[in-house]
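Survey of secondary and tertiary structure
Here are the chains, one letter per residue:
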Amino acid sequence: MEPDAPPEPSAPAAGGDPSGASPPPAERVPPRVGRGGLRALRAAVEGVLPAERFADHRNILGNTGQNVLGLGIGALATFAAQVLMTNALGPERFGVVTVATQFAFIAAAATRFGMDVANVRLVAILVGKGEAGRARGLVARAGAIAGAVSAAFAVLAFLGSGALAERFTALPREAAPAFRAAALAVPLAALAFTYMGATRGLKIMRYTLYAQWTAQPLGWIVLTLAFWAVARATPSWAAGAFAASWTLALAIAWYGWTKEQRAFPTADPGQGIAEERTASLLRFGALRAPATLFSQLIFWTDFFVLSVLMSSLGREGAGEVGVYGAVLRAGQSLFLFLTSVSLTFSPFVADLHHRGERERLDALYKAVTRWTLAATIPVLLVLAVLPVRTRDEARRPFVQFPLR
């Protein structure tokens, strides 16, 4: 049974035993209310992907499904937060919140120093080698590195909040406290991702679903409303709620790792691997941190350049930039399943490659590639077939309500 799956029911599934023979009537167990559909789904999965042959495939599919669900929840919650804050703050002050929180998120991505990726890979390798006990020390060192680097940067950002507000916003007086609040989120988010990487290294995705995709975005909305209920609706309180939501995410991620590592042996068997040592982690992070910043530039450079080119056209230019941004976000839906699979599949690659099981890895990689292609083609067809509305249709809203 896959590590991240719920336990199988003790009663036989509806439809008979795995051999296909129906049990005699006396042996039939009446389905419990609310569980028949779940048992039928498990039986269908078992028929297509038997656990003894396709345990890895089932684990990847299950974790990918959780991640797709989480991405959907996160996207809807983020959209709701944007609508809420825009209506409450207005476009310019909401722009301050966006700049401050995105600055914190990108800074956290860089200053976690690649320790989340290191944990995914190295925890999977150590567990595959039968040396899971050594993963405790590895994650502790990775957390210390990510915490030290991110906290140092957060202090610099906090002290330089005035300069950041002057440089990046048109409302520096309101933006400076927002940048100070967002700076507090940098080490919190960095450590949260570090611990989520550790549990993903165990091939468990649910803690990422709980922390990153559910608790953080929904917590941001709830905490923002709570802060605004006792204080004024300002960008600084919204940014403070963003930092507080990452505190919640960090607590969940830390709890997930703490809970899962209790099953590890108390001793540290074996010699481990060279990459788990502090010097190796620092070398890896020195390359990973700038790579993370460059990956962020890939996503934002074209949008920034278009904004500069269109700035002289006023509202018309702003509208063109908005259309480009909407199209860009719609196109990124193509990467929904790909991103989810990559987060789930990476620890399998590290584990199987390190153990030299190349044929098993090759078969798994081909299966995952087929699944990704099959899941992406419908989205591609929708974007290719339904991009244009006629001029008359464009004048009408998508949803029309009958007049009374």
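Nothing here was measured: the structure is a model prediction, and the numbers come from that model.

**Notes on the overall build of the protein chain**
- When you go through the protein chain residue by residue, the secondary structure sums to 14 helices and zero strands.
- Start at the N end of the protein chain and walk to the C end: the helices and strands fall as α-α-α-α-α-α-α-α-α-α-α-α-α-α.
- In the protein chain, buried positions account for 39% of the 404 residues.
- Residue pairs at least 24 apart in sequence account for 77% of intrachain contacts in the protein chain once pairs closer than 6 positions are excluded.
- Just so you have it, the protein chain exposes about 22400 Å², and 67% of that area is on carbon and sulfur atoms.

**A few points about the packing of aromatic side chains**
- Under the criterion given, the structure shown has nine aromatic pairs.
- Note on Phe103 and Phe153: the rings are 6.0 Å apart at their centroids and 35° apart in plane angle, and the pair reads as tilted. Remark: Phe153 occurs in helix α5 (residues 134-159) and Phe103 occurs in helix α3 (residues 91-111); sequence separation between them is 50 residues.
- What makes Phe103 partly exposed here is its relative accessible area of 21%.
- Taken together, a centroid distance of 6.2 Å and an interplanar angle of 75° make the contact between Phe105 and Phe193 edge-to-face.

**A few points about the pattern of salt bridges**
- Taken as a whole, this structure holds 12 salt bridges when the rule is applied.
- A salt bridge links Arg360 to Glu357; its shortest N-O distance comes to 3.0 Å.
- By relative accessible area, Glu357 is classed as partly exposed at 26%.
- In this structure, a network of salt bridges that share partners links the residues Lys203, Asp351, Arg355, Glu357 and Arg360.

**Re the side chain of Asp116**
- Tracing the sequence through the fold places Asp116 in helix α4 (residues 115-128).
- According to the relative accessible area criterion, Asp116 is buried, its value standing at 8%.
- There is a polar contact of 3.0 Å between the side chain of Asp116 and the side chain of Arg112.
- When residues no more than four places from it in sequence are discounted, the contact partners of Asp116 are Phe193, Thr194 and Gly197.

**Quick word on α4**
- Over its 14 residues, α4 runs 19 Å from end to end, which matches the ideal 20 Å to within 8%, given 1.5 Å per residue.
- Burial within α4 is extensive, with 10 of its 14 residues counted as buried.
- Along α4, the residues classified as buried are Met115, Asp116, Ala118, Asn119, Val120, Leu122, Val123, Ala124, Ile125 and Leu126.
- Packed against the buried residues of α4 are α5, α7 (172-201), α10 (278-310) and α12 (336-354).
- Note on α4: the residue one or two positions beyond its end, Gly130, has a positive phi of about 80°.

**Some points on a nonpolar patch on the surface**
- On the surface, a cluster of nonpolar side chains totalling about 600 Å² of accessible area is made up of Leu373, Ile377, Leu381, Val382, Val385 and Leu386.
- Assignment of secondary structure puts Leu381 in helix α13 (residues 358-385).
- Taking the relative accessible area as the measure of exposure, Leu381 reaches 48% and is therefore partly exposed.

**What to know about the confidence of the model for the protein chain**
- When pLDDT is averaged along the protein chain, the result is 82; 82% of the residues meet or exceed 70.
- pLDDT under 50 marks residues 1-34. Its contacts with residues more than four places away, or in other chains, come to 32 contacts.
- Throughout residues 390-404 the model reports pLDDT below 50, and contacts reaching past four residues in sequence, or to other chains, amount to four contacts.

**Here's the deal with the nonpolar core**
- Ranked by internal contacts, the top residues of the largest apolar core, which has 66 residues, are Met85, Met115, Leu122, Trp220, Trp246, Trp257 and Leu281.
- In contact with Met115, not counting residues within four places along its chain, are Ala142, Ile145, Ala146, Thr194, Leu281 and Gly285.
- Among the nonpolar cores identified, the runner-up in size contains nine residues, and Ile60, Phe337, Phe345 and Leu364 belong to it.

**Here we look at the packing of α5 against α10**
- As a packed pair, α5 and α10 sit with axes 10 Å apart at the nearest point and diverge in direction by 45°. Judged by the inter-axis angle, α5 sits oblique to α10. Like other packed secondary-structure pairs, α5 and α10 cross with a definite hand, here right-handed. Across from Leu138, Arg141, Ala142 and Ile145 in α5, the residues of α10 making contact are Thr278, Leu281 and Leu282.

**Points about α10**
- Taking 1.5 Å per residue as the helical rise, α10 with its 33 residues ought to reach 48 Å, and the 48 Å between its terminal C-alpha atoms agrees with that figure.
- Burial in α10 covers these residues: Ser280, Leu281, Gly285, Ala289, Thr292, Gln296 and Leu306.

How each quantity is defined
Residues numbered from 1 in each chain as written. Predicted model: local features only at pLDDT ≥ 70, side-chain atom pairs only at ≥ 80, totals over all residues. Heavy atoms only, no water. Helix = DSSP H or I, 4+ residues; strand = E, 2+ residues; numbered from the N terminus. Buried < 20%, exposed > 50% of the residue type's maximum accessible area, 1.4 Å probe, protein only. Contact = heavy atoms within 4.5 Å. Areas by Shrake-Rupley, 256 points an atom, 1.4 Å probe, with all protein chains shown as cover. Phe/Tyr/Trp six-rings, centres within 6.5 Å; stacked < 30°, edge-to-face > 60°. Salt bridge = Lys/Arg side-chain N within 4 Å of Asp/Glu carboxyl O. Polar contact = N/O pair within 3.5 Å; in protein donor to acceptor, adjacent residues only side chain to side chain. Expected span 1.5 Å × (residues − 1). Patch = residues over 30% accessible without salt bridge, like charges linked within 9 Å, V, L, I, M, F, W, Y side chains within 5 Å. pLDDT = per-residue confidence, 0-100. Core = buried A, V, L, I, M, F, W, Y, C linked by side-chain atoms within 4.5 Å. Axes fitted to C-alpha atoms, helices over the stretch in contact; angles between N-to-C directions. Parallel < 35°, antiparallel > 145°, perpendicular 65-115°, else oblique. Left-handed = near helix turned anticlockwise from the far one by under 90°.

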